Amino acid sequence: MMRVVAKKILREFWERYADAAEPLKTWYKEASKAVWLSPADIKAEYVKASILKNSRVVFNICGNKYRLIVEINYKRQWVFIRFIGTHKEYDRINANKI
């Protein structure tokens, strides 16, 4: 099972954007129970997820209104929250480096 690091970041975000609360809580529960051994495992479950360089994955939250970027260590089964923000905020960052 994946260990999701930095749930606090998600909680702070859904306290600011109430419509993101349920989708983020659902994503957290699903990710915590998942066993992702490769990007293909993620794509099998989240078809619209974007696989980036540097073990980064972008998940669309609330129909792509928000973007969640995680860094995944497949060997250790860790998911690090790197960014959560609006689509507009996402457009201003480098998702491969954040």
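For the structure itself, consult the block above.
Reading guide: rules and limits
- Residues numbered from 1 in each chain as written.
- Predicted model: local features only at pLDDT ≥ 70, side-chain atom pairs only at ≥ 80, totals over all residues.
- Heavy atoms only, no water.
- Pairing = 2+ DSSP bridges.
- Helix = DSSP H or I, 4+ residues; strand = E, 2+ residues; numbered from the N terminus.
- Contact = heavy atoms within 4.5 Å.
- Axes fitted to C-alpha atoms, helices over the stretch in contact; angles between N-to-C directions.
- Buried < 20%, exposed > 50% of the residue type's maximum accessible area, 1.4 Å probe, protein only.

### So, the sheet that holds strand S1 (residues 3–5)
At step 1: Here five strands make up an open sheet; going across it, the order is S1-S5-S4-S3-S2 and the pairing mixed. In this open sheet, the two edge strands, each paired with only one partner strand, are S1 and strand S2 (50–51).
At step 2: When S1 meets strand S5 (residues 78–86), the two strands line up parallel, connected through three bridges. In the sheet register, Val4 faces S5, and the bridge partner there is Val79.
At step 3: Contacts from helix H1 (residues 7–16) reach S1, strand S4 (66–73) and S5, with the element oriented near 20° to S5.
At step 4: On top of the sheet, helix H2 (residues 21–33) reaches S1, strand S3 (56–61), S4 and S5; it is set at about 135° to S1, its chief contact.

### Details of the pairing of S4
At step 1: Here S4 lies mainly inside the structure; six of its eight residues are buried.
At step 2: Taken together, the six bridges between S3 and S4 define a ladder with antiparallel strand orientation. Following the sheet pairing, Ile61 is matched in S4 by Tyr66.
At step 3: As paired elements, S4 and S5 share eight bridges and run antiparallel to each other. Residue pairing in the sheet places Asn73 in a bridge with Trp78 of S5.
At step 4: Following S4, the chain reverses through four residues before pairing antiparallel with S5; Gln77 in that reversal takes a positive phi of roughly 65°.

Spatial relationships are all this shows, so hold off on functional conclusions.
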